[in-house]
Amino acid sequence: MSKPETATPPSYNPSTVGNDAAARPWESVPASVVEEVVEEIDHSIQRHNEEDALLAQMRDCFVEMQQAWDRADIAHLRTMMTQDMRDLLDARLLEREQQGPSPHTTEIIVLEAHLLSREQSEGRRLVSVEFSGMVRESPTQAPTPFREMWDMIKPLHDSAARWLVAGVQSLQ
């Protein structure tokens with residue numbers, strides 16, 4: 001009886017690994033399509049970074065307004081609002097000014113900001129932002145939730161201009 005031959009496994013050959021074009025779909029796609037996809041990804045990243053920066057500015061504005069309100073710094077509050085908003089809140093601002101500074105600083109425990117809309121028209125930028133979170137108005141109070149929508153306006157071609165509050169609506 002003769003001894004059976006053992007099958008020799010095929011040897012590894014790196015030049016034949018991955019030669020299936022299906023494993024490399026980018027090789028069959030025209031370069032122009034790849035460039036378009038890369039450009040779209042770059043624009044998406046840029047929009048995301050711009051939105052993050054915009055929301056950071058909006059959160060800063062929210063905190064700055066709350067601090068000015070706590071101090072009863074009506075002059076500063078007025079600089080942060082459009083004329084229409086100042087006119088609408090005039091009586092309330094005068095009342096706050098007469099009350100004077102709050103004995104306690106409002107603690108902003110959680111502050112979320114979500115961009116609802118963004119548009120440009122008539123030489124200005126307009127954004128709507130939903131703020132939500134938890135605040136504590138005095139150390140003896142429990143935190144309370146809030147949810148508001150703010151409309152903010154800024155001149156389009158004035159990089160030094162600040163965002164102004166054009167409207168606030170409570171959503172709770």
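So, a few notes on the structure that sits alongside this text. What you are looking at is a predicted structure, and each value in this text was computed from that prediction instead of being measured.

Here's the deal with the overall build of the protein chain
Item 1. Across its full length, the protein chain carries three helices and four strands.
Item 2. Helices (α) and strands (β) of the protein chain occur, in sequence order from the N terminus, as α-α-α-β-β-β-β.
Item 3. Residue burial in the protein chain is summarised as follows: out of 172 residues, 24% are buried.
Item 4. Summarising the internal contacts of the protein chain: among those between residues at least 6 apart in sequence, 50% fall at separations of at least 24.
Item 5. For the protein chain, the exposed area adds up to about 12100 Å²; of that, 52% sits on carbon and sulfur atoms.

Overview of the side chain of threonine 106
Item 1. Following the sequence through the fold, threonine 106 ends up in the loop between helix H3 (83–99) and strand S1 (107–121).
Item 2. Taking the relative accessible area as the measure of exposure, threonine 106 reaches 12% and is therefore buried.
Item 3. In this structure the side chain of threonine 106 is engaged in a polar contact, spanning 3.2 Å, whose partner is the side chain of glutamine 66.

Observations concerning the packing of aromatic side chains
Item 1. Under the defined criterion, the tally for this structure stands at four aromatic pairs.
Item 2. For the pair phenylalanine 62 and tryptophan 150, a centre-to-centre distance of 5.2 Å together with 35 degrees between the ring planes defines the contact as tilted. Of this pair, phenylalanine 62 sits in helix H1 (residues 31–71) while tryptophan 150 sits in strand S3 (residues 144–155), and the two are 88 residues apart along the sequence.
Item 3. With a relative accessible area of 5%, phenylalanine 62 lands in the buried category.
Item 4. Between phenylalanine 131 and tryptophan 150, the aromatic rings sit 5.0 Å apart at their centres with planes inclined by 70 degrees, giving edge-to-face as the arrangement.

Concerning the sheet that holds S3
Item 1. Read across the open sheet, the four strands follow the order S1-S2-S3-S4; overall the sheet is antiparallel. Two strands lie at the open edges of the sheet, namely S1 and strand S4 (164–170), each paired on one side alone. When the angles between neighbouring strand axes are averaged without regard to direction, this sheet yields 20 degrees.
Item 2. As defined by bridge partners, S1 adjoins strand S2 (residues 124–136) across 13 bridges and the pair is classed as antiparallel. Pairing of glutamate 119 across the sheet is with leucine 126, part of S2.

Focus: a negative patch on the surface
Item 1. Where like charges cluster on the molecular surface, the negative patch consists of Glu35, Glu36, Glu39 and Glu40.
Item 2. One can find glutamate 36 in helix H1.

Focus on H3
Item 1. Here H3 contains 17 residues, and its C-alpha end-to-end distance of 23 Å stays within 8% of the 24 Å for a straight helix at 1.5 Å per residue.
Item 2. Along its length, H3 reaches its greatest deviation from straightness, about 65 degrees, at leucine 89.
Item 3. All of the buried residues in H3 are Met85, Leu93 and Arg96.
Item 4. At the C-terminal side of H3, glycine 100 shows a positive phi close to 85 degrees.

Topic: the side chain of lysine 154
Item 1. When you line up the elements, lysine 154 lands in strand S3.
Item 2. Although buried, lysine 154 forms no salt bridge, and the nearest oppositely charged side chain, aspartate 158, lies 7.8 Å from it.
Item 3. Discounting residues that sit within four places of it in the chain, lysine 154 has contacts with Arg124, Arg125, Ser159, Ala161, Arg162 and Trp163.

Quick notes on the rules
- Residues numbered from 1 in each chain as written.
- Predicted model: local features only at pLDDT ≥ 70, side-chain atom pairs only at ≥ 80, totals over all residues.
- Heavy atoms only, no water.
- Helix = DSSP H or I, 4+ residues; strand = E, 2+ residues; numbered from the N terminus.
- Buried < 20%, exposed > 50% of the residue type's maximum accessible area, 1.4 Å probe, protein only.
- Contact = heavy atoms within 4.5 Å.
- Areas by Shrake-Rupley, 256 points an atom, 1.4 Å probe, with all protein chains shown as cover.
- Polar contact = N/O pair within 3.5 Å; in protein donor to acceptor, adjacent residues only side chain to side chain.
- Phe/Tyr/Trp six-rings, centres within 6.5 Å; stacked < 30°, edge-to-face > 60°.
- Pairing = 2+ DSSP bridges.
- Axes fitted to C-alpha atoms, helices over the stretch in contact; angles between N-to-C directions.
- Patch = residues over 30% accessible without salt bridge, like charges linked within 9 Å, V, L, I, M, F, W, Y side chains within 5 Å.
- Salt bridge = Lys/Arg side-chain N within 4 Å of Asp/Glu carboxyl O.
- Lys, Arg positive; Asp, Glu negative; His and termini not counted.
- Charge placed at Lys NZ, Arg CZ, Asp CG, Glu CD.
- Expected span 1.5 Å × (residues − 1).
- Bend = angle between axes of the 7 residues up to and from the residue.

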